[in-house]
Amino acid sequence: MAENKNSGKMWSGRFRDPLDEAFEQWQRSLPFDWRLLGEECAASKAHAAMLAEAGILSTEELAQLRAALDAIATGHESAAVRENASAEDIHHFVELKLTEKLGPLGLKLHTGRSRNEQIATDLRLYVRRQIDAVAGGLLGWAAALVAKAEAAGDAVMPSYTHLQRAEPVLVAHWLLAYVEMLIRDAARLRDLRARMNFCPLGSGAVAGATLRLDRSIAAHELGFTAPTANSMDATSDRDFVLEYLQALTFIGLHSSRFAEEITLYATAEFGFIQLPEAFSTGSSAMPQKKNPDLTELVRAKVGRINAAAQAVAMQLKGLPLAYNKDLQETQEQTFAVDFVPSMLELLARFTAKLEWNTAQMRQAAQSGYLNAMAAATYLVHKGVPFRSAHEIIGKAVRLALDKGVELNALGLDELRGINENFDADFFSAISLDATLDCHDVPGGTARPRVKAAMKLAKERVAAMGKEAADAGAKGKIAGCNADL
Ligand code: ARG
């Protein structure tokens, strides 16, 4: 019999011809799935526990296998895993290392399981770990925004619609808008985590394990809520990857909106913000420059995240049940967003270091008739219908524009010339403080409302922290090497 050139692979028996060498390299996933070493070892330990319970492994064999898997998980530098030339994927790598250590006992581990359920499990563990890291990053940034909002006190700035000055708001109110976005982002991660936290182990290649395994053993050991309910779905489901990438797309979008505003407000034209030097760069050509590279890069990153989500959606489209090798392609998209937790950490530290030019912001909030809505509301309180009040204040603005002054510099007689409902109390009704405080509704920028919102935001961010910590603690798995 001719020597089988494929021996050493996990599937050589039925093959006569060797693999085309270029194809062999091209289809390998080890160059990227090396990141799953910790997850693969943890899932293998859980599988071994099920095998022992089913009587396939003795207690002694189980102990040997589990110890060897721990050693493999922690004993390899990532480069050594990545550059291993003989393994096809991370599952093969671990099997090779196991047999190096334990001989034939290493080969016993694959009893009653398939790589299809292994990768489905490893990827879920990986995404779950990343969700926890991203949630931690969101929390840190939300806390930094709340602290900054609190420190801003009664500082004011213009708000914009259509990027035209609209009404004055508290700087705190503006910052808390971002906290809302992050709280939603955290909730999305939480939902997704609960939805995906089921264990595929025991699903076999497609139809379920061929041994009567107690699947709850693995589910429990790996911190899953329960075993998955359908083997065909479990081995081919990557919805959790897509949902994860979509949830991160929102985070990317929110980060990019913040980044854009900071970039804009740090221009000489706005002059609202001093960029922290520690997070800015200079120009090799223009000596005077301090460039907002951090916010520019953050503004762009969502492109990658959304691209990964789009790629996975295309990869999943039209896939017949159950496992198909197409699914291997979803892995690199998953890993493409690994930068998100560290981006959020940077954003938190950057936010803490921002400095406001409060005088400039205040000045901007007081010029350009940002109190016109408050002025119209004044007339409403005098019994004028809003439509007419709008018209009257429009005329007052026109007059002020012609004179080159703000509304509060018009004389009472000039105002009365436009409408008889103006009184001396008009001027206090359109002061900056009154303009802020007339927005006295929940969610509005009146100073007492923002104070209350701040208190609430703090509590909600603290709750977010507690949830993230609880989930993270439940998701910690012995043997998973998070630092690889
Ligand atoms: N590297 C493969 C993947 O990521 C593992 C599963 C291989 N299964 C198979 N039937 N060839 O999808």
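Here the structure is a predicted model, which is why all the values come from computation and not from measurement.

### What about the overall build of the protein chain?
Here is step 1: Of the regular secondary structure elements, the protein chain holds 22 helices and six strands.
Here is step 2: Its C-alpha radius of gyration of 30 Å places the protein chain more than 25% over the 23 Å reference for a compact globule of 484 residues.
Here is step 3: Among the 484 residues that make up the protein chain, the fraction classed as buried is 48%.
Here is step 4: Contacts in the protein chain between residues at least 24 apart in sequence constitute 76% of all its contacts with a sequence separation of at least 6.
Here is step 5: Within the structure as shown, the protein chain displays about 22800 Å² of accessible surface, and the carbon and sulfur contribution to it stands at 54%.
Here is step 6: Side-chain charges in the protein chain split into 53 positive and 60 negative, and the spacing between the mean points of these groups amounts to 1 Å.

### Points about the side chain of D237
Here is step 1: Within the secondary structure, D237 sits in the loop between helix 11 (231-236) and helix 12 (239-265).
Here is step 2: Exposure remark for D237: the relative accessible area of 12% places this residue in the buried category.
Here is step 3: Within the structure, the side chain of D237 is placed 2.7 Å from the backbone nitrogen of D239, a separation counted as a polar contact.

### Quick notes on the packing of aromatic side chains
Here is step 1: By the definition in use, this model includes 17 aromatic pairs.
Here is step 2: Note on Y126 and F335: the rings are 5.0 Å apart at their centroids and 85° apart in plane angle, and the pair reads as edge-to-face. Note that Y126 is positioned in helix 8 (residues 115-152) and F335 in helix 14 (residues 329-335), a separation of 209 residues in sequence. Across the pair, exposure class does not vary: Y126 and F335 are buried alike.
Here is step 3: Their ring planes at 45° and their centres at 5.3 Å tell us that Y265 and F272 sit as a pair that is tilted.

### Thoughts on the site of the ligand
Here is step 1: Taken together, S29, D89, H91, R115, N116, I119, Y323, Q328 and Q331 make up the full set of residues near the ligand.
Here is step 2: Between the ligand and S29 there is a distance of 3.0 Å, counted from a nitrogen atom to a side-chain nitrogen or oxygen.
Here is step 3: Note that an oxygen atom of the ligand is positioned 2.6 Å from one of the side-chain N or O atoms of Q331.
Here is step 4: Tallying contributions element by element places helix 8 first for the shell around the ligand, with three residues.
Here is step 5: Tallied by class, residues from the shell around the ligand come to two nonpolar, five polar and two charged.

### Concerning the pattern of salt bridges
Here is step 1: For the structure on display, the rule yields 26 salt bridges.
Here is step 2: When the shortest N-O distance is used, the salt bridge between E414 and K403 registers 2.7 Å. Linking E414 in helix 19 (residues 412-418) with K403 in helix 18 (residues 386-403), this pair joins segments that are eleven residues apart in sequence.
Here is step 3: Here K403 falls in the partly exposed class, since its relative accessible area comes to 42%.

### What to know about the nonpolar core
Here is step 1: V171, W174, L189, L222, L248, F258 and W356 are the most contacted members of the largest nonpolar core, which has 116 residues in total.
Here is step 2: Looking at this core, the element that brings in the most residues is helix 8, giving 16 residues.
Here is step 3: Residues contacting V171, with those up to four places away along its chain left out, are A152, A155, V156, M157, W356 and M361.
Here is step 4: The next biggest cluster of nonpolar side chains, apart from the first, holds 18 residues, and it includes A375, V384, L407 and L410.

### Remarks on the environment of A234
Here is step 1: By secondary structure assignment, the location of A234 is in helix 11.
Here is step 2: By relative accessible area, which is 0% here, A234 ends up buried.
Here is step 3: Sequence separation between A234 and H381 is 147 residues; the distance between their C-alpha atoms is 63 Å.
Here is step 4: Excluding its chain neighbours within four sequence positions, the residues that come into contact with A234 are A120, R124, P200, S203 and T228.

### Here's the deal with helix 22 (residues 447-475)
It helps to recall that an α-helix has 3.6 residues per turn; residues three or four apart then point in one direction.
Here is step 1: Between its terminal C-alpha atoms helix 22 stretches 41 Å, which fits the 42 Å expected from 29 residues at 1.5 Å a residue.
Here is step 2: Here helix 22 has its buried residues at V450, M454, A457, V461, M464, G465, A471, G472 and G475.
Here is step 3: On its buried face, helix 22 sits against helix 8, strand 2 (164-170) and helix 9 (171-196).

### Considerations on the pairing of strand 2
Here is step 1: Here strand 1 (residues 156-161) pairs with strand 2 via five bridges, running antiparallel. Bridge pairing in strand 2 places T161 opposite Q164.
Here is step 2: Here strand 1 folds back onto strand 2 in antiparallel fashion, the turn holding two residues, of which H162 has a positive phi close to 60°.

### Section: the packing of helix 8 against helix 22
Here is step 1: Where helix 8 contacts helix 22, the axes come no closer than 9 Å and their chain directions differ by 160°. By the angle class used here, helix 8 and helix 22 are roughly antiparallel. Taken as a pair, helix 8 and helix 22 cross one another with a handedness that is left-handed. Only M454, A457, K458, V461, M464, G465, A468, A471, G472 and G475 of helix 22 make contact with helix 8, whose side of the interface consists of R128, D132, A135, L138, L139, A142, A143, V146, A149 and E150.
Here is step 2: Residue classes in the contact of helix 8 with helix 22 are distributed as 13 nonpolar, three polar and four charged.

### As for the packing of helix 8 against helix 12
The description of two packed helices rests on the angle between their axes and on the distance between the axes.
Here is step 1: At a closest axis distance of 11 Å, the pairing of helix 8 and helix 12 adopts a crossing angle of 20°. It follows from the interaxial angle that helix 8 and helix 12 lie roughly parallel. The two elements helix 8 and helix 12 meet at a crossing, and its hand is left-handed. Between helix 8, through A120, L123, R124, V127, Q130, I131, V134, L138, W141 and L145, and helix 12, the contact on the second element is made entirely by F240, V241, Y244, L248, I251, S255 and F258.
Here is step 2: A class-by-class count of the residues in the contact of helix 8 with helix 12 yields 14 nonpolar, two polar and one charged.

Thresholds, definitions, all that
Residues numbered from 1 in each chain as written. Predicted model: local features only at pLDDT ≥ 70, side-chain atom pairs only at ≥ 80, totals over all residues. Heavy atoms only, no water. Helix = DSSP H or I, 4+ residues; strand = E, 2+ residues; numbered from the N terminus. Rg over C-alpha atoms; globule rule 2.2 N^0.38 Å. Buried < 20%, exposed > 50% of the residue type's maximum accessible area, 1.4 Å probe, protein only. Contact = heavy atoms within 4.5 Å. Areas by Shrake-Rupley, 256 points an atom, 1.4 Å probe, with all protein chains shown as cover. Lys, Arg positive; Asp, Glu negative; His and termini not counted. Charge placed at Lys NZ, Arg CZ, Asp CG, Glu CD. Polar contact = N/O pair within 3.5 Å; in protein donor to acceptor, adjacent residues only side chain to side chain. Phe/Tyr/Trp six-rings, centres within 6.5 Å; stacked < 30°, edge-to-face > 60°. Near = heavy atom within 4 Å. Nonpolar A, V, L, I, M, F, W, Y, C, P; charged D, E, K, R; others polar. Salt bridge = Lys/Arg side-chain N within 4 Å of Asp/Glu carboxyl O. Core = buried A, V, L, I, M, F, W, Y, C linked by side-chain atoms within 4.5 Å. Expected span 1.5 Å × (residues − 1). Pairing = 2+ DSSP bridges. Axes fitted to C-alpha atoms, helices over the stretch in contact; angles between N-to-C directions. Parallel < 35°, antiparallel > 145°, perpendicular 65-115°, else oblique. Left-handed = near helix turned anticlockwise from the far one by under 90°.

None of this, on its own, says anything about what the molecule does.
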